[in-house]
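These are the residues of each chain, in order.
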Amino acid sequence: MQPKRWKRWAWIADVGGRRPVGRFCVMGIRVVNVSDATREPGISFARLRDRQGKEYLADAAAQIRARSNLFDEFPTGGSIDGRLIYDVPVDSVVDGVMLRETPESAGTYVPLG
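Attention here is on the structure that accompanies the text.

What counts as what
- Residues numbered from 1 in each chain as written.
- Predicted model: local features only at pLDDT ≥ 70, side-chain atom pairs only at ≥ 80, totals over all residues.
- Heavy atoms only, no water.
- Helix = DSSP H or I, 4+ residues; strand = E, 2+ residues; numbered from the N terminus.
- Rg over C-alpha atoms; globule rule 2.2 N^0.38 Å.
- Contact = heavy atoms within 4.5 Å.
- Areas by Shrake-Rupley, 256 points an atom, 1.4 Å probe, with all protein chains shown as cover.
- Buried < 20%, exposed > 50% of the residue type's maximum accessible area, 1.4 Å probe, protein only.
- Pairing = 2+ DSSP bridges.
- Core = buried A, V, L, I, M, F, W, Y, C linked by side-chain atoms within 4.5 Å.
- Polar contact = N/O pair within 3.5 Å; in protein donor to acceptor, adjacent residues only side chain to side chain.

### Some remarks on the overall build of the chain
For the chain, the count of helices and strands is one helix and seven strands. For 113 residues, the compact-globule estimate of 2.2 N^0.38 gives 13 Å, and the chain sits close to it at 14 Å. With respect to the three principal axes, the spread of C-alpha positions in the chain is 40 × 30 × 25 Å. For the chain, contacts bridging at least 24 residues in sequence account for 66% of all contacts bridging at least 6. Here the chain displays about 6,500 Å² of accessible surface, and carbon together with sulfur accounts for 48% of that area.

### Examining the pairing of strand β3 (residues 46–50)
Note on strand geometry: in a regular strand, side chains alternate between the two faces of the sheet. What you see with β3 is a clean split: A46, L48 and D50 sit on the buried side and R47 and R49 on the side with no burial. Looking at chain direction, β3 and strand β6 (residues 94–99) are connected through five bridges and run antiparallel. Paired with A46 across the strands is L99, a residue of β6.

### Some points on the sheet that holds strand β7 (residues 108–111)
Ordered by their spatial adjacency, four strands build an open sheet running β4-β3-β6-β7, and the pairing between neighbours is antiparallel. Only two strands of the sheet have a single partner each, and these edge strands are β4 (55–56) and β7. By the bridge criterion, four bridges tie β6 to β7 in an arrangement that is antiparallel. Counterpart to L99 in the pairing with β7 is T108.

### Some words on the nonpolar core
Formed by 21 residues in total, the largest nonpolar core has its most connected members in M27, F45, A46, L48, L84, Y86 and V97. Of all the secondary-structure elements, those providing two or more residues to this core are β2 (23–32), β3, β5 (79–88) and β6.

### Quick notes on the side chain of D87
Inspection of the secondary structure assignment puts D87 in strand β5. In terms of polar contacts, D87 uses its side chain to reach the backbone amide nitrogen of V21, at 2.8 Å. A polar contact of 3.0 Å, which involves the side chain of D87, links it to the backbone nitrogen of G22.

### Digging into the environment of I43
Looking at where I43 falls in the secondary structure, it is placed in the loop between β2 and β3. Spatially, the C-alpha atom of I43 lies 18 Å from that of L112, the residues being 69 residues apart in sequence. Leave out the neighbours within four places in its chain, and I43 touches A58, A60, Q63, L70, F71 and L84.

Below, the structure is given as structure tokens:
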């Protein structure tokens, strides 16, 4: 899987009636399957990072309520435009996203601006 580009990010108050502990940061992403097999990107491949270096996983319950397509399988050469939803502290200043294909891979850091 290869994230192609970040479309945008925004703050929102709730997702399908689910309220965050802090606030929701929602990011648009396009994921392209460059492997030779059908893939299911999921949501754990991208961790949001704030300026203090703390990382956040996407909120699984919010993803399900938003009917995220990032849990869907897609074929070789296919792509998915999806959203990642993070619950972060109200005073958090997001800095970027660490993208990894597997938990063991080095990953790529993508700054947000």
